[in-house]
Amino acid sequence: MLQVVCIKQVADTETRVKVAADGRTLDPSGVTWILNPYDEFALEQALRIREAAGSGEVVVLSLGGPGVLTTLRNALALGADRAVHLKSDAVQPDSLQVARAIAAELQTPGLSGARLIWFGKQAVDDDAAQVGPMVSELLGHPCVTVVAAMEPLAPGGERAVVEREIEGGRETWETPLPALISAQKGLNEPRYASLKGIMAAKKKPIEEKPVALAAASLETLSLALPPARSPGRIVGQGVDGVRELVRVLREEAKVI
């Protein structure tokens, strides 16, 4: 079975981001780039399905500039069979631009037979959680998001049974294949790349395809970091402090 895992290169969550001089983009200097953490769960699940079946192919797909090659190579080291790099120098393409490019690639002969298309539930840079469902709509495939558990696929099965997180619990869904699934934390425990996997990744193919993105639907007008918090204020101690705190909350903050 062919599975495609759509991944994104994002800034490490420990990175202290800075707004670029243009006031509309982030300054990439000094940023450590990593595989989007939620995409790790998607890739791991695809690998487990292939291993359980004893056959199949896992392809990783990503859109971006030259730096994306590092993330794709890391995914190959984890066990993916081959990679496709949609080359684009667009600084901050919107979700629909990315979805259209990915959906078009998923309809090419090398990928059109995919039975499962995987995404992380969201990217940790913009937290949009839009590209996966948009790709599903463009392809006309069913989509199940925020999947936190999955039953083993029956050999040659045409349906998948998954659990997705909802407020206060979980719900079980059965979907026909092909389908698109977005992975949530808890679906599995992603593996680390082994030395053997790292060495093997050097010989695995990465197909590079320049893409021209459709016109943007959104425009970023400005970016700004949140204002610095004002320092704390001690209003008193003991019983007198409680009285003063109540007065400040009522008369100054006006929250009670």
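Please read these numbers as outputs of a predicted model, since none were measured by experiment.

Draft legend 1. Structural view of the side chain of Thr-175. Within the secondary structure, Thr-175 sits in strand β9 (residues 169-176). With residues near it in sequence (within four places) discarded, Thr-175 still touches Pro-142, Val-144, Glu-158, Arg-159 and Ala-160.

Draft legend 2. Geometry of the nonpolar core. Counting 34 residues, the largest nonpolar core has Val-5, Leu-43, Val-60, Trp-118 and Met-150 as the members making the most contacts within it. Residue assignment for this core shows that the elements contributing at least two residues are α1 (37-53), β4 (57-64), α2 (68-78), β6 (116-120), β7 (143-150), β8 (159-166) and β10 (179-183). If one sorts the elements of this core by residue count, α1 sits on top with 7 residues. Excluding residues within four positions of it along the chain, Leu-43 makes contact with Val-5, Val-58, Val-60, Ala-75, Leu-78 and Ala-80. Formed by 22 residues, the second largest nonpolar core is a distinct cluster that contains Cys-6, Ala-101, Leu-106 and Ala-114.

Draft legend 3. Spatial organisation of the environment of Ala-103. Mapped onto the elements of the fold, Ala-103 is located in helix α3 (residues 95-106). For Ala-103, a relative accessible area of 3% corresponds to the buried category. Counting along the chain gives 28 residues from Ala-103 to Val-131, while the straight-line C-alpha distance between them is 9.8 Å. The contact partners of Ala-103, leaving out residues within four places of it in the chain, are Val-135, Leu-138 and Leu-139.

Draft legend 4. Fine view of the state of the cysteines. Throughout the structure, instances matching the rule amount to 0 disulfides. With no disulfide partner, Cys-6 has as its closest neighbouring cysteine sulfur the one in Cys-143, 11 Å distant. The buried category is assigned to Cys-6, whose relative accessible area is 2%.

Draft legend 5. Highlighting unusual backbone geometry. Note the cis peptide between Leu-177 and Pro-178, where omega equals 5 degrees. When you line up the elements, Pro-178 lands in the loop between β9 and β10. With a phi angle near 55 degrees, Val-146 is a residue other than glycine that sits in the positive phi range. A positive phi angle is found at Lys-254, which is not glycine, with a value near 55 degrees. For Lys-254, the position within the fold is in the segment after α6 (238-252). Note on Lys-254: relative accessible area 63%, which makes it exposed.

Here is what the cut-offs are and how they apply
Residues numbered from 1 in each chain as written. Predicted model: local features only at pLDDT ≥ 70, side-chain atom pairs only at ≥ 80, totals over all residues. Heavy atoms only, no water. Helix = DSSP H or I, 4+ residues; strand = E, 2+ residues; numbered from the N terminus. Contact = heavy atoms within 4.5 Å. Core = buried A, V, L, I, M, F, W, Y, C linked by side-chain atoms within 4.5 Å. Buried < 20%, exposed > 50% of the residue type's maximum accessible area, 1.4 Å probe, protein only. Disulfide = S-S within 2.5 Å.

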